[in-house]
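Reading the structure
So you can see what is in the structure, the chains are spelled out below.
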Amino acid sequence: QVQLVESGGGLVQAGGSLRLSCAASGRTFSSAAMGWFRQVAGKERDIIAAISRSGGSTYYGDSVKGRFTISRDDAGNTVYLQMNSLKPEDTAVYYCAARPSAFWSRWTYDYAYWGQGTQVTVSS
C-alpha cells in the first residue's frame with residue numbers, strides 16, 4: 001500500500017513557477033514508478049510527467065516539455081514536479097500517482113495509487 005499526499009499548489013501569475021511535492025508513505029515507494037497527472041473539470045485526467053523507479057527514465061507531455069521537471073527523492077519518499085514558465089492553460093487539479101512497476105506508463109489505469117490532488121491556478 002502507498003498513500004500519497006500532494007502539496008505546493010496555489011495561485012501564480014503567468015510566467016511564474018511552482019514546485020509540487022508528493023509525499024508517499026508505505027514501504028513500496030522506492031519500488032514504484034511515479035507519475036503526475038492533471039485534470040480540468042469536465043475533461044479527462046492527462047499525464048504530465050512520469051519517472052521510472054530508478055529515476056533514470058522520464059516522460060513529459062508535449063504541452064509541458066521544456067517547462068516542467070519531474071524528480072524523485074527515494075530517501076525522503078517524495079516525488080517533485082518543478083513547474084516553470086506557467087501559462088493560464090496549466091490551470092488544473094494536479095495528481096500524483098504510483099505504479100508498482102519499474103517502468104512509467106502514460107495511462108491512468110496503470111497506476112494503482114493516487115493522491116487527492118492539489119489545485120494550481122495560473123492567472124493571466
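Residues numbered from 1 in each chain as written. Predicted model: local features only at pLDDT ≥ 70, side-chain atom pairs only at ≥ 80, totals over all residues. Heavy atoms only, no water.

Our focus in this paragraph is the packing of aromatic side chains. Counting across every chain of the model gives five aromatic pairs. With a centroid separation of 5.2 Å and 80 degrees between ring planes, the pair formed by F37 and Y111 is classed as edge-to-face. Linking F37 in strand β4 (residues 33–39) with Y111 in the loop between β9 (92–99) and β10 (113–114), this pair joins segments that are 74 residues apart in sequence. Overall, F37 belongs to the buried group, its relative accessible area being 0%. A relative accessible area of 5% places Y111 in the buried class. Ring geometry for W107 against Y109: centres 6.4 Å apart, planes inclined by 10 degrees, an arrangement best described as stacked. On the accessibility criterion, W107 (44% relative accessible area) is partly exposed. Three or more aromatic residues joined by ring pairs make a cluster, and in this case those are F37, Y111 and W114. Cation over ring: R45 sits above Y95, and NZ or CZ is 3.6 Å from the ring centre. The ring of W114 has R45 sitting right over it, with the charged end atom 4.9 Å from the ring centre. (Phe/Tyr/Trp six-rings, centres within 6.5 Å; stacked < 30°, edge-to-face > 60°. Helix = DSSP H or I, 4+ residues; strand = E, 2+ residues; numbered from the N terminus. Buried < 20%, exposed > 50% of the residue type's maximum accessible area, 1.4 Å probe, protein only. Lys NZ or Arg CZ within 6 Å of the ring centre and 35° of its normal.)

The topology assignment puts F29 in the loop between β3 (18–25) and β4. With relative accessibility at 0%, the residue F29 sits in the buried group. Ignoring any residue separated from it by four or fewer positions in sequence, one finds F29 in contact with V2, A24, M34, R72, D73, D74, N77, T78 and V79. (Contact = heavy atoms within 4.5 Å.)

Before going further, it helps to spend a moment on the pattern of salt bridges. What the rule picks out here adds up to four salt bridges. A salt bridge links D90 to R38; the shortest N-O distance between them is 2.9 Å. You can see D90 sitting in the loop between β8 (78–83) and β9 and its partner R38 sitting in strand β4, a full 52 residues away along the chain. Just as D90 is buried, R38 falls in that class too. Measuring nitrogen to oxygen at the nearest pair gives 2.8 Å for the salt bridge that ties D74 to R72. Look at D74 and you get partly exposed, because its relative accessible area is 30%. One salt-bridge network, in which partners are shared between bridges, spans R38, R67 and D90. (Salt bridge = Lys/Arg side-chain N within 4 Å of Asp/Glu carboxyl O.)

Under the definition given, this model contains one disulfide. For C22, the disulfide goes to C96, at an S-S distance of 1.9 Å. Judged by the sign of its S-S torsion, about 50 degrees, the bond between C22 and C96 is right-handed. Within this pair, whereas C22 is found in strand β3, its partner C96 is found in strand β9, the two being separated by 74 residues in sequence. The two residues C22 and C96 agree in class, both being buried. (Disulfide = S-S within 2.5 Å.)

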